[in-house]
Amino acid sequence: MTDLLEAPAPAPIPAPVPAHEEEHHGPTGILKWMTSTDHKVIGLSYTVTSVIMLVIGGIFAEIIRVQLSTPNGSLVSLAQYNELFTMHGSVMIYLFAGPFAFGALANIVVPLQIGAPDMAFPRLNAMSYWLYLFGSITMLSGFFTAGGAANFGWVAYAPLSNSINTPGAGADLWIGGLLLTGFSAIFTGVNLCATVFYLRAPGMTMFRMPIFTWNLMVTAILILLAFPVLTAGLVMLYCDRHFGTHIFSVAGGGVPVLWQHIFWFWGHPEVYILALPFFGMVTEIIAVFSRKPVFGYKGMVFATLSIAALSLGVWAHHMFTTGVVLLPFFSIMSLLIAVPTGIKMFNWIGTMWRGEIWFSTAMLMAIGFLITFLVGGLTGIYLASPPLDFFTHDTYFVVAHFHSIVMALVLGGMAGLYYWGPKITGYLLNETIGKIQFWFLFIGTQVFTIPLYILGLEGMPRRVAMYAHDPQWKLLNDVSTLGAILIGVSTVLFVVNIVVSWKKYPAGDNPWDAHTLEWFTTSPPPHHNFYRLPQIRSERPTWDYNHPGHQAAPHGHHPAPDAVPADEVPVP
Amino acid sequence: MKVEAKILLGLGLFFGLMFAVYWRWSIEDAGGVMMFAGMLLCLLPGSYYYWWSRRMKARPEDNPYATQTQGAGVVGAFPGSSIWPFTMAFGAFFVVLALVFGVWFLVPGLFLMVWAMFGGTAEGRRGGKV
Ligand code: HEM
Ligand SMILES: [Cu+2]
């Protein structure tokens, strides 16, 4: 039945279980999963699917690295190599990082953090997941067609992506898969915005929302700004390939560089669509495990907003070498983004400063994120300067830059899984295995990326399967391959950890003495999330409730003028 | 509601500024058009929210001193479970396959999508079956 939901009761009154609670004599088994509109079930489906995509993309990556461990690698053919790096990038960006960022943990955590019973549009939410799953199947099925999967790079530049240079079903399946996942993302964006705007609990003002929720709201706005552009571009590309239009072909009076403009007008905001949710995750984790409120809460929010604002005006820093873009404009805008990003770094360190740091696996992963992201961000500043970019564009330096970034995201994602996993499953993961996993992942990442920076500066081009004329690059490539193997081992350790800790360590409601509302309810939360809610008087309502002696301290500064200890709430 | 409105308006104004600078300075139109569209996408809902925020009284979630009891009552209607999202997406899957393997895939695709459209709407009216 559709539930007309009553609001949860105030915390201290042990509320009777709402009458409609377990009245869902709905379907069971696989049909239950297929028909579920519960944001936690959908979020878990997203989590499992996107982690599987991480593993698939990772397997492609390991094959690529083994191929490059000798100058004349013969593990795969040249054509297969093209398919592999294309699908590695596509799976990782479109099918893992994006859906993991705004589909998986966002779905589970955002409604819980603002005290909402579900997402604003539960059925639309379910549809987002199914579109994502079918889109992923569509894109990957290219491997089973006669011509193989798409092989024009994850950016599908014109004219390489037209029907003469890349005929075959694989490329069309790539376009089709992206159409589906694109709509999935847009619907998720709509849903997140509506949820944050309309379903907050009483007292949860905008400036009391946890930073994770803030970042996801801004991410959602960016999704709505960016993804429709990509979808439109894909439709144009399809028309060029099949209906004889010439939007991107010179022969018919079109402009190939237009594709790059469209692609990167989505592509750079996408970079922040991926990054902002992970920024949010580590903000929460660092604050909780430093036993302090977030340092500079408002600065954090404004940094997020200004990153979003600037990110729409930097796209052509990916196109410096085309020679037809406004270099100063894009260079200045790109460098400006470093300012709010720096503010965030400062605030993360400020949060840890003099904190009582608890080095749990989640915290280690979050610190690993900070360090790795710093490396990627700093090399991004090099690339944003056109004279340096002319020198390094299309070399392994760029590959190294964005792998520092995306491996930081993997570290942040792991932090999120260790931190919020217990909330949704009810069980903790093994901390010892987790810490071993962290060291493999963190050291592996650096061993993998640092040689690539050097190779890039030595001039090794990206997207080549062999480097027979420069055998001196073998050593650094081998080191990088070793790093990739360490990363692979860390992923195996994660799976081992899940198996070993299966239902072993019950988590309880609030294993971390955390700050935000999701830790106020049970683990896993009941259907529709909350039986009761505490009074919300700061951005740390759960912590305030559990530490009644302390006065509620909004943004870590002054006690709120009306700080009422939660258990003195007047009985209605 | 005011904060939400101001965020959208602020982003929209910034995009407008960026558009103006870029349009004057650049020799290329696509980026300008996209930034202009981005500006509209923020200003339209933003000004609507702003207009409303001045007419409605503050909601409990906008009031820093609200108690949980102020939020008592019906929050909204939430479906228990539904098969139509799956049906709709499955239909969209076939429609996309039609782009690659031939138009006949449109037959099951559009059939499923239209069915899901009616089914989902009816379910919304009736208040859900499953
Ligand atoms: C301070 C922030 C950043 C700056 C200034 C920056 C700058 C750049 C520049 C200028 C390039 C183009 C280099 C070239 O192609 O020659 C680039 C490439 C790239 N960046 Fe960043 N970046 C930043 C952060 C990020 C983040 C947060 C991500 C991902 C979450 C990211 C992912 C990428 C990717 C995927 C590419 C490669 C695109 C391709 O295949 O050509 N970057 N970055
Ligand atoms: Cu960029």
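Not measured: the values here are computed from a predicted model. Counting starts from 1 at the beginning of each chain's written sequence and moves along it residue by residue. Going through the entries in the order they are written, you letter the chains from A and number the ligands from 1. Note on the predicted model: pLDDT of at least 70 is required for a residue's local features to be given, and 80 or more for side-chain atom pairs to be given and counted; whole-chain, interface and lining totals, by contrast, use all residues. Where side-chain values are given, they derive from all heavy atoms of the structure, hydrogens and water being excluded.

Chemist: Any chance you could break down the pattern of salt bridges for me, citing the residues and the numbers?
Modeler: All names here are of chain A. Salt bridge criterion: a side-chain nitrogen from Lys or Arg within 4 Å of a carboxyl oxygen from Asp or Glu. Tallied over the full model, the rule gives 9 salt bridges over all chains. Between Arg-241 and Asp-172 there is a salt bridge, with its nearest N and O atoms 3.0 Å apart. Taken together, the positions of Arg-241 in helix 6 (residues 211-242) and Asp-172 in helix 5 (residues 169-198) put the pair 69 residues apart, joining distant regions of the chain. Per residue, the accessibility class of Arg-241 equals that of Asp-172, and both read buried. Between Lys-474 and Asp-478 there is a salt bridge; the shortest N-O distance is 2.8 Å. Runs of E in the DSSP output that reach at least two residues are strands. Runs of H or I that reach at least four are helices, and both are numbered from the N terminus. Only protein chains enter the accessibility calculation, which uses a 1.4 Å probe. A residue is then buried if its area is under 20% of the maximum for its type, exposed if over 50%, and partly exposed in between.

Chemist: Provide a residue-level description of the coordination of the iron atom of ligand 1, including the pertinent values.
Modeler: Tetrahedral coordination by four donors sets the ideal angle at the metal to 109.5 degrees; octahedral coordination by six donors sets it to 90 or 180 degrees. All names here are of chain A. Just one protein atom donates to the iron atom of ligand 1; it is His-401 (NE2), sitting 2.2 Å from the metal. Distances up to 2.8 Å from the metal define which N, O and S atoms are donors, and 3.2 Å serves for Na, K and Ca; water is absent from the atom set, so sites may look incomplete. Taken as a pair, the iron atom of ligand 1 and the copper ion (ligand 2) show a spacing of 4.6 Å. Note that His-401 resides in helix 12 (residues 396-425).

Chemist: I'd like to hear about the coordination of the copper ion (ligand 2), residue by residue, with values.
Modeler: All names here are of chain A. Summarising the metal site, the copper ion (ligand 2) is bound by the protein donors His-268 (ND1), His-317 (NE2) and His-318 (NE2), whose distances to it range over 1.8 to 2.0 Å. Between consecutive donors of the copper ion (ligand 2), the numbers of intervening residues give the motif H-x48-H-H. Here His-317 falls in the buried class, since its relative accessible area comes to 16%.

Chemist: Outline a positive patch on the surface, listing residues and values.
Modeler: Like charges within 9 Å and nonpolar side chains (Val, Leu, Ile, Met, Phe, Trp, Tyr) within 5 Å are joined into patches, using only residues over 30% in relative accessible area that form no salt bridge. In short, Shrake-Rupley with a 1.4 Å probe defines the accessible areas, and a residue's cover is counted only from the protein chains shown. Think of it this way: Lys and Arg go in the positive column, Asp and Glu in the negative one, and His and the chain ends go nowhere. Taken as the charge centre is NZ of Lys, CZ of Arg, CG of Asp or CD of Glu, depending on the residue. A cluster of basic side chains, namely Lys2(B), Lys6(B), Arg54(B) and Arg55(B), defines a positive patch on the protein surface. For Lys2(B), the location among the structural elements is in helix 1 (residues 2-25).

Chemist: Requested: an account of the site of ligand 1, with residues and values cited.
Modeler: Residues and elements named next belong to chain A. We call a residue near a molecule or strand as soon as one heavy atom of that residue lies within 4 Å of the molecule or strand. The immediate surroundings of ligand 1 are formed by 19 residues, with Val-271, Asp-389, His-393, His-401 and Arg-462 found nearest. Any N or O atom pair separated by 3.5 Å or less is treated as a polar contact, with the protein-specific requirement of one donor-capable and one acceptor-capable atom, and with residues adjacent in sequence counted only for side-chain atom pairs. One of the side-chain N or O atoms of Trp-154 is found 3.3 Å from an oxygen atom in ligand 1. Asp-389 has a polar side-chain atom sitting 2.5 Å from an oxygen atom of ligand 1. Here ligand 1 occupies the largest pocket. In terms of residues, the shell around ligand 1 owes the most to one element, helix 12, which gives 5 residues. Amino acid classes used here: Ala, Val, Leu, Ile, Met, Phe, Trp, Tyr, Cys and Pro are nonpolar; Asp, Glu, Lys and Arg are charged; the rest, including Gly, are polar. Grouping the amino acids of the shell around ligand 1 by side-chain chemistry returns 11 nonpolar, 6 polar and 2 charged. Every definition here rests on a 1 Å grid over the protein atoms only: cavities are sets of points where a 1.4 Å probe fits but cannot get out, pockets are open sets enclosed by protein on both sides within 12 Å along at least five of seven lines, and lining residues have some atom within 4 Å of a point. A pocket or cavity is taken to hold a molecule when more than half of that molecule's atoms are within 2 Å of the pocket's grid points.

Chemist: Quick one: what's the story with empty space enclosed by the protein, residue by residue and with numbers?
Modeler: Over the atoms, a rolling probe the size of a water molecule traces out where space has been left empty. All names here are of chain A. Grid points are joined across faces, edges and corners, and a volume is the space filled by probe spheres set on the points. By the definition in use, this model includes 4 cavities of 30 Å³ or more. The volume enclosed by the largest cavity comes to roughly 120 Å³. Taken together, 15 residues make up the lining of the largest cavity; nearest its centre are Tyr-94, Phe-102, Thr-181, Ala-185 and Phe-227. Of all the secondary structure elements, the ones that give two or more residues to the lining of the largest cavity are helix 3 (78-113), helix 5 and helix 6. Residues belonging to the lining of the largest cavity are distributed by class as follows: 10 nonpolar, 4 polar and 1 charged. One number sums up the size of the second largest cavity: a volume of about 80 Å³. If you trace the second largest cavity, you find 13 residues lining it, with Glu-284, Val-294, His-515, Thr-516 and Glu-539 closest to the centre. Looking at the lining of the second largest cavity element by element, the count peaks at 3 residues for helix 7 (residues 256-289).

Chemist: Which residues make up the nonpolar core, and what are the values?
Modeler: All names here are of chain A. Only buried Ala, Val, Leu, Ile, Met, Phe, Trp, Tyr and Cys residues count toward a nonpolar core, and they belong to the same one when joined by side-chain atoms within 4.5 Å. Judged by nonpolar contacts, the single largest core of 214 residues is most densely connected at Trp-174, Phe-369 and Tyr-419. For this core, the element with the highest residue contribution is helix 3, accounting for 21 residues. In this description, contact between two residues means that some pair of their heavy atoms is separated by no more than 4.5 Å. If near-sequence neighbours (up to four positions away) are discounted, Tyr-419 is found in contact with Glu-284, Ile-285, Val-288, Phe-289, Ala-362, Trp-512, Ala-514 and Trp-519.

Chemist: Mind laying out the domain arrangement of chain B, listing which residues take part and the relevant values?
Modeler: All domain edges in this entry derive from an automatic or database-based domain assignment. Taken domain by domain, chain B holds domain 1 (2-64) and domain 2 (84-126). Taking only C-alpha atoms into account, the centre of domain 1 of chain B sits 34 Å from that of domain 2 of chain B.

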